[in-house]
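# Close look at the chain arrangement
If you want the building blocks of each chain, they are given just below.
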Amino acid sequence: MSVLQELSLNVEKGKRKLVPGLVQQALDEGIDPNVILNEGMIDAMSRVGEAFRDGKIFVPEMLIAAKAMQAGVATLKPALAAGGAVSRGKIILGTVAGDLHDIGKNLVGMMLESAGFEVIDLGVDVADEVFLETYDKNPDTKIICLSALLTTTMPAMRSAVAKINAAPWRSKVKVMVGGAPITQAFCDEIGADCYTADAASAAEAAKKLAE
Ligand code: B1M
């Protein structure tokens with residue numbers, strides 16, 4: 001079995017203590033950090049999601065797998081986020097109200113930081129008002145980034161974007177959205193400026209938007 005297969009299996013099984021060592025082994029074998037992330041960990045989380053959907057596992061198993069992935073991401077972070085020291089400005093980032101998923105958001109934050117942005121990470125379950133208040137305290141913010149992982153929290157994303165769109169400073173800031181259920185069509189419908197499907201493309205898009 002290759003190290004990536006072993007890593008993927010251990011993320012899926014939630015073996016938090018084994019995952020960092022396997023990530024390190026993969027790095028030592030010279031495997032591209034993005035390949036380690038996608039084929040060694042994100043793939044595993046997709047299988048975890050399918051098993052949950054099919055009723056084969058339950059929330060605790062999903063949480064244990066998430067913790068294993070987080071441990072792996074921590075080991076991978078220096079290799080993944082080997083960014084320069086450029087300063088591209090501030091970004092406000094958070095997972096919308098009612099939504100507790102943060103692995104994808106954290107990856108987006110990591111890639112934005114490595115692209116040279118200062119990221120104000122508001123965490124998960126962020127109320128609409130908190131995005132607005134944080135902008136008021138940081139009016140030099142260039143982009144507000146919203147993540148949502150549940151179809152049931154897409155309305156919260158719509159609501160947050162509607163409030164941002166109604167703010168007097170709207171023309172000075174860009175709004176980016178993403179997360180598994182989000183699409184370009186939904187982004188257009190709710191009046192956000194940019195949708196991207198993954199963390200790497202979010203960082204690329206942010207660089208263009210902030211120019
Ligand atoms: Co949840 N969960 N979960 N969960 N969970 C999903 C999302 C689900 C698809 C599983 C399934 O049923 N197949 C399903 C949603 C179904 C739906 O909405 N239609 C689901 C459900 C139902 C739930 C609960 C409701 C379960 C319950 O309680 N009955 C519950 C809700 C809790 C809440 O939020 N209120 C719940 C809870 C949890 C845990 C807490 C146990 C745990 C999260 C732990 C954590 O995040 N710290 C969890 C997990 C782990 C998952 C799965 C298995 C994995 C999510 C993940 O981390 N993926 C997930 C299934 C799946 O995704 N296949 C599932 C890896 C991560 C890297 O990908 O977050 O998609 P992702 O991020 C990607 C892109 O989406 C993108 O970039 C990242 C990759 O580069 N991206 C952006 C994300 N944000 C972006 C922002 C951007 C741009 C790109 O710009 C701003």
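An account of the accompanying structure is given in this report.

What counts, and at which threshold
- Residues numbered from 1 in each chain as written.
- Predicted model: local features only at pLDDT ≥ 70, side-chain atom pairs only at ≥ 80, totals over all residues.
- Heavy atoms only, no water.
- Near = heavy atom within 4 Å.
- Polar contact = N/O pair within 3.5 Å; in protein donor to acceptor, adjacent residues only side chain to side chain.
- Helix = DSSP H or I, 4+ residues; strand = E, 2+ residues; numbered from the N terminus.
- Nonpolar A, V, L, I, M, F, W, Y, C, P; charged D, E, K, R; others polar.
- Buried < 20%, exposed > 50% of the residue type's maximum accessible area, 1.4 Å probe, protein only.
- Contact = heavy atoms within 4.5 Å.
- Pairing = 2+ DSSP bridges.
- Axes fitted to C-alpha atoms, helices over the stretch in contact; angles between N-to-C directions.
- Donors = N, O, S within 2.8 Å, 3.2 Å for Na, K, Ca; no water.

## Quick word on the site of the ligand
The full set close to the ligand counts 37 residues, and L100, H101, D102, S147 and T151 are the nearest of them. The contact in question runs from a nitrogen atom of the ligand to an N or O atom on the backbone of G98, over 2.9 Å. Taking H101, its side chain carries an N or O atom lying 2.8 Å from a nitrogen atom of the ligand. Elements with a contribution of two residues or more to the shell around the ligand: helix 3 (33-53), helix 4 (59-80), helix 5 (103-114), strand 3 (141-147), strand 4 (174-178) and helix 9 (199-209). Examining the composition of the shell around the ligand, we find that seven residues originate from one element, helix 3, more than from any other. Classifying every residue of the shell around the ligand by side-chain character gives 22 nonpolar, eleven polar and four charged.

## Let's talk about the environment of M111
Tracing the chain through its elements places M111 in helix 5. Since its relative accessible area comes to 13%, M111 is described here as buried. Once residues within four sequence positions are removed from consideration, M111 is found in contact with N34, L80, A199, A200 and A203.

## Considering the sheet that holds strand 2 (residues 117-121)
On the basis of which strands lie adjacent, the open sheet formed by five strands has the order 2-1-3-4-5 and parallel pairing. Looking at strand neighbours, the two that pair on one side only are strand 2 and strand 5 (194-195), the edges of this open sheet. With six bridges connecting them, strand 1 (residues 89-95) and strand 3 associate as parallel partners. Residue pairing in the sheet places G94 in a bridge with L146 of strand 3. Against the sheet, helix 5 engages strand 1, strand 2 and strand 3, with an angle of about 155° to strand 2.

## So, unusual backbone geometry
Even without glycine at this site, D125 takes up a positive phi of about 55°. Note that D125 resides in the loop between strand 2 and helix 6 (128-137). With relative accessibility at 42%, the residue D125 sits in the partly exposed group.

## Quick notes on the coordination of the cobalt atom of the ligand
There is one protein donor for the cobalt atom of the ligand, and it is H101 (NE2), at 2.2 Å. Positionally, H101 belongs in the loop between strand 1 and helix 5.

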